[in-house]
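Each chain is listed here by its residues.
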Amino acid sequence: MTNEIEIANPTRTRAIMETYGLDFKKSLGQNFLTDINILHHIVSTAEVSADDDVIEVGPGIGALTEQIAKEAHQVMALEIDERLIPVLEETLSPYSNVTVLNQDVLKADLSKLISENFDGKHHIKLVANLPYYITTPIIMHLLESDIKFDSIVVMMQKEVAERLTAQPKTKEYGSLSIAVQYYTNAEIAFIVPKTVFVPQPKIDSAVVKLIPQKRDKAPINEKQFMNVVKGCFAHRRKNLWNNLQGMYGKKKEIKEALERVLKQVEIDKKVRPEELTINDFIDLANALIEFD
Ligand code: SAM
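This structure is a prediction, so every number in the text was calculated from the model and none was measured.

**Q** I keep staring at the packing of helix H8 (residues 175–183) against helix H12 (residues 278–287) and nothing clicks. Help me out?
**A** Relative placement of two packed helices is described by the angle separating their axes and the distance separating the axes. In contact at an axis separation of 10 Å, H8 and H12 are set at 95° when each is read in the N-to-C sense. Relative to H12, the element H8 is oriented roughly perpendicular. In this structure, H8 uses Ile178, Gln181 and Tyr182 to contact H12, whose residues at the interface are Ile278, Phe281 and Ile282. Taken together, the residues of the contact of H8 with H12 break down into 5 nonpolar, 1 polar and no charged.

**Q** Which parts of the structure should I look at to understand the layout of surface pockets?
**A** Which parts of space are left empty comes out when a probe the size of a water molecule is rolled across the atoms. In this structure, the largest pocket occupies an estimated 540 Å³ of space. Lining the largest pocket are 20 residues, with Leu143, Tyr183, Pro212, Gln213 and Lys214 sitting closest to its centre. Breaking the lining of the largest pocket down by element, the ones donating at least two residues are helix H6 (135–143), strand S6 (149–157) and H8. Partitioned by chemical class, the residues of the lining of the largest pocket number 10 nonpolar, 3 polar and 7 charged. When its volume is computed, the second largest pocket comes out at roughly 350 Å³. Taken together, 29 residues line the second largest pocket, and the ones lying closest to its centre are Val57, Gly58, Glu79, Asn129 and Pro131. Listing elements by their share of the lining of the second largest pocket, those giving two or more residues are strand S1 (32–33), strand S2 (52–57) and helix H3 (63–71). Of the residues belonging to the lining of the second largest pocket, the class tally is 18 nonpolar, 8 polar and 3 charged.

**Q** What is the right way to read the site of the ligand from this model?
**A** Taken together, 23 residues lie around the ligand, and Leu33, Gly58, Glu79, Asn129 and Tyr133 are the ones closest in. Glycine 58 places a main-chain nitrogen or oxygen 2.8 Å from a nitrogen atom of the ligand. Take aspartate 104: an N or O atom from its side chain is 2.9 Å from a nitrogen atom of the ligand. Within the complex, the protein chains bury 99% of what would otherwise be the 600 Å² of accessible surface of the ligand. In a pocket analysis with a 2 Å cut-off to the grid points, the ligand is assigned to the second largest pocket.

**Q** Looking at this model, I keep getting lost on the sheet that holds S6. Mind explaining?
**A** In sheet architecture, strand pairing relies on hydrogen bonds along the backbone and comes in two forms, parallel and antiparallel. One open sheet holds the 7 strands; their spatial order is S4-S3-S2-S5-S6-S9-S7, and the pairing between them is mixed. Among the strands making up the open sheet, the edge pair consists of strand S4 (98–101) and strand S7 (184–192). The mean angle between the axes of side-by-side strands here comes to 15°, regardless of whether they run parallel or antiparallel. Summarising the sheet, strand S5 (residues 123–129) and S6 pair through 6 bridges and their orientation is parallel. Considered in S6, the bridge of asparagine 129 is made with methionine 155. Where helix H2 (residues 36–45) meets the sheet, its contacts fall on S5, S6, S7 and strand S9 (205–212), and the angle it forms with S7 comes to roughly 165°.

Analysis parameters
- Residues numbered from 1 in each chain as written.
- Predicted model: local features only at pLDDT ≥ 70, side-chain atom pairs only at ≥ 80, totals over all residues.
- Heavy atoms only, no water.
- Axes fitted to C-alpha atoms, helices over the stretch in contact; angles between N-to-C directions.
- Helix = DSSP H or I, 4+ residues; strand = E, 2+ residues; numbered from the N terminus.
- Parallel < 35°, antiparallel > 145°, perpendicular 65-115°, else oblique.
- Contact = heavy atoms within 4.5 Å.
- Nonpolar A, V, L, I, M, F, W, Y, C, P; charged D, E, K, R; others polar.
- 1 Å grid on protein atoms, 1.4 Å probe; cavity = no way out; pocket = protein on both sides within 12 Å on 5 of 7 lines; lining within 4 Å.
- Points joined across faces, edges and corners; volume = space filled by probe spheres on them.
- Near = heavy atom within 4 Å.
- Polar contact = N/O pair within 3.5 Å; in protein donor to acceptor, adjacent residues only side chain to side chain.
- Areas by Shrake-Rupley, 256 points an atom, 1.4 Å probe, with all protein chains shown as cover.
- Sits in = over half its atoms within 2 Å of the grid points.
- Pairing = 2+ DSSP bridges.

These results come straight from atomic positions and should not be treated as a statement about function.
Have a look at this one:
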């Protein structure tokens, strides 16, 4: 199934918006992709095939949806902007395997939508050019859901991608890197220049591939683990000891208890938070559970 002219080119993108009398809503992160090679590269990075049912967040006018639909078994695309629904009905009309829903991904019951729209016999993948103003909430919403994603391939601002995939002892490494890498193996697949979007954003983007993974080590309580991580990175320039006192207080008995915990998990109190691995943080959080 192919269109004579792909949706993804700058002239057609502007023409479609003009035909429907629409402007690009900055508040909804509407920067549309107009380069067919980049779209192919996103779909091939996700290794989308007829074995896959794919969720797309924010189809826009359907440029990426079209390329996913050519490879996937089924596509379910969630678009918050109701003005774009009639546009998508037209641009995606050649593709009978696409369902477009006027939904906010952060409020949608994704498990229910999956059972209503997919047959349960295919891998579930998520592929998206994310709206940048809510990149992190969307990713955390997906990772904290019960959905068994085969992979999540998402485009975002390059800086955010660097934080998501950062390794210990780098300046980008922080609570976001740990939150994402606790659930997934995360890597930057490729960089996308700002020139391929209409309208053009101020900064370059990157496509990140997240493969959900099971960890050998588990926190006793995930919420408490994430709180410990956030607390330890509250003041990046302070060492672990000072951040822990910031979280739990400076009373003599607290300090003594914290010293016992650090000894137990064999972590030096002078280390900086960015020197600790995810497993170090899991050990630390588990040992701090009595403080909650
Ligand atoms: N997929 C298209 C492309 O690549 O050209 C458009 C991507 S654009 C960066 C982000 C899209 O997400 C916009 O169409 C925007 O309206 C939509 N969007 C923004 N917030 C959303 C939300 N909470 N739920 C679903 N879609 C959303």
